[in-house]
Amino acid sequence: MTQTLQWNQIPWPKLHKRIWKLQKRIYRASARGDYKAIRRLQKTLLRSWSAKCLATRRVTQDNQGKRTAGIDGVKSLTPKQRVELVKKLRLTGTAKPTRRVWIPKPGRDEKRPLGIPVMYDRALQALCLMALEPEWEARFEPNSYGFRPGRSCHDAVEAIFKSIRHKPKFVLDADISKCFDRIDHKALLNKVNTFPTMTRQVRAWLKAGVLDKGVFEGTEKGTPQGGVSALRSVQR
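Treat the numbers as computed from the prediction; the structure is a model and nothing was measured.

Draft legend 1. Representation of the overall build of the protein chain within the structure. Regarding its fold elements, the protein chain presents 9 helices and 4 strands. Listing every helix and strand of the protein chain by position from the N terminus yields α-α-α-α-β-β-α-α-α-α-β-β-α. Relative to the globule expectation of 18 Å for 236 residues, the C-alpha radius of gyration of the protein chain, 19 Å, shows essentially globular dimensions. A principal-axis box enclosing the C-alpha atoms of the protein chain has dimensions of 60 × 45 × 35 Å. When the accessible surface of the protein chain is totalled, it reaches about 14,600 Å², and 52% of it is carbon and sulfur. Placing the 50 positive and 20 negative side-chain charges of the protein chain at their respective mean positions leaves the two points 8 Å apart.

Draft legend 2. Structural context of the side chain of R148. Examined against the element boundaries, R148 turns out to sit in the loop between α5 (119–137) and α6 (153–164). At 2.9 Å, the side chain of R148 forms a polar contact with the side chain of E137. A polar contact of 2.7 Å, which involves the side chain of R148, links it to the side chain of S144.

Draft legend 3. Structural detail: the nonpolar core. With 43 residues, the main nonpolar core has L45, L46 and M198 as its most contacted residues. Residues within four places of L46 in sequence aside, it is in contact with K52, L91, L127, C128, A131, F195 and M198.

Draft legend 4. Inspection of the sheet that holds strand β2 (residues 111–116) at higher detail. Reading across the sheet, the 4 strands line up as β2-β1-β3-β4 and stay open at both edges, with mixed pairing between neighbours. Looking at the sheet topology across the chains shown, the edges are occupied by β2 and β4 (215–217). Put simply, the sheet's adjacent strands are angled 40 degrees from each other on average, direction ignored. Note that strand β3 (residues 210–212) and β4 share 3 bridges and pair antiparallel.

Draft legend 5. Expanded view of a positive patch on the surface. A cluster of like positive charges, contributed by K17, K21, K24 and R28, occupies part of the molecular surface. Mapped onto the elements of the fold, K21 is located in helix α1 (residues 12–31).

Draft legend 6. Spatial organisation of the layout of surface pockets. As a volume, the second largest pocket reaches approximately 460 Å³. At the level of secondary structure, the elements contributing two or more residues to the lining of the second largest pocket comprise α1, α3 (49–62) and α5. By residue class, the composition of the lining of the second largest pocket is 9 nonpolar, 2 polar and 6 charged.

Draft legend 7. Representation of the packing of aromatic side chains within the structure. Evaluation of the coordinates by the stated rule reveals 3 aromatic pairs. Between W7 and W12 the ring centres are 5.1 Å apart and the planes differ by 65 degrees, which places this aromatic pair in the edge-to-face class. Classification of W7 as buried rests on a relative accessible area of 5%. Given a relative accessible area of 12%, W12 falls into the buried group. In this arrangement the basic side chain of K43 is found over the ring face of F195, its NZ or CZ atom lying 5.2 Å from the centre.

Draft legend 8. Spatial organisation of a nonpolar patch on the surface. A cluster of nonpolar side chains, contributed by I160, I164 and V171, occupies part of the molecular surface with about 240 Å² of accessible area. For I164, the location among the structural elements is in helix α6. Residue I164 is classed as partly exposed on the basis of its relative accessible area of 34%.

Draft legend 9. Quick look at the environment of R28. In this structure, R28 sits in helix α1. Note on R28: relative accessible area 52%, which makes it exposed. Spatially, the C-alpha atom of R28 lies 46 Å from that of K213, the residues being 185 residues apart in sequence.

Rules and cut-offs
Residues numbered from 1 in each chain as written. Predicted model: local features only at pLDDT ≥ 70, side-chain atom pairs only at ≥ 80, totals over all residues. Heavy atoms only, no water. Helix = DSSP H or I, 4+ residues; strand = E, 2+ residues; numbered from the N terminus. Rg over C-alpha atoms; globule rule 2.2 N^0.38 Å. Areas by Shrake-Rupley, 256 points an atom, 1.4 Å probe, with all protein chains shown as cover. Lys, Arg positive; Asp, Glu negative; His and termini not counted. Charge placed at Lys NZ, Arg CZ, Asp CG, Glu CD. Polar contact = N/O pair within 3.5 Å; in protein donor to acceptor, adjacent residues only side chain to side chain. Core = buried A, V, L, I, M, F, W, Y, C linked by side-chain atoms within 4.5 Å. Buried < 20%, exposed > 50% of the residue type's maximum accessible area, 1.4 Å probe, protein only. Contact = heavy atoms within 4.5 Å. Pairing = 2+ DSSP bridges. Axes fitted to C-alpha atoms, helices over the stretch in contact; angles between N-to-C directions. Patch = residues over 30% accessible without salt bridge, like charges linked within 9 Å, V, L, I, M, F, W, Y side chains within 5 Å. Salt bridge = Lys/Arg side-chain N within 4 Å of Asp/Glu carboxyl O. 1 Å grid on protein atoms, 1.4 Å probe; cavity = no way out; pocket = protein on both sides within 12 Å on 5 of 7 lines; lining within 4 Å. Points joined across faces, edges and corners; volume = space filled by probe spheres on them. Nonpolar A, V, L, I, M, F, W, Y, C, P; charged D, E, K, R; others polar. Phe/Tyr/Trp six-rings, centres within 6.5 Å; stacked < 30°, edge-to-face > 60°. Lys NZ or Arg CZ within 6 Å of the ring centre and 35° of its normal.

And the structure:
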């Protein structure tokens, strides 16, 4: 397929089908423990023009936060700029700081910090998510529901209902205070255990820091909440 197509001429169903097949192969390789095949297929996906187009479309058109700007102030892209972004996407091991935004928590006076990456980093995160997600989907337990594709809190409620409707059981509700703010970077990178280029890129996002009202803060621990994250499921 030619890569000189205009943005509105791209055959999206074909791209989805192509990447779905590649992700299925990653999933199957992970299920059988073939790490050599996993890494080879992930690198193929990361180089794929189709995957880059889908990642760019996700953050510039599909996501609810598509018009939320990072520190560079860019909040929307024209079709021509999207095509240019696709051409630039690659893992460089660098990242720009996120922009901190404070949003109120429902029913509380307390506010929750969000870290908004720039558009380029969001697109690159979406691309990495496509490569990492099928690998980890093959490893997760069937009764986990957090940050997984095609699953929601309604599925968790249904699973609990089916488990307790015939026999009384204890249900434990735990809330880890400031969980994502205290994630250990080294432990997370060891858990992801991916190939060096991906590891360097993930480390760059973790260490990028934040800008809060013009003041820069380093990030020695924790992960930003607000961008496209390929790591939320792994953190569980």
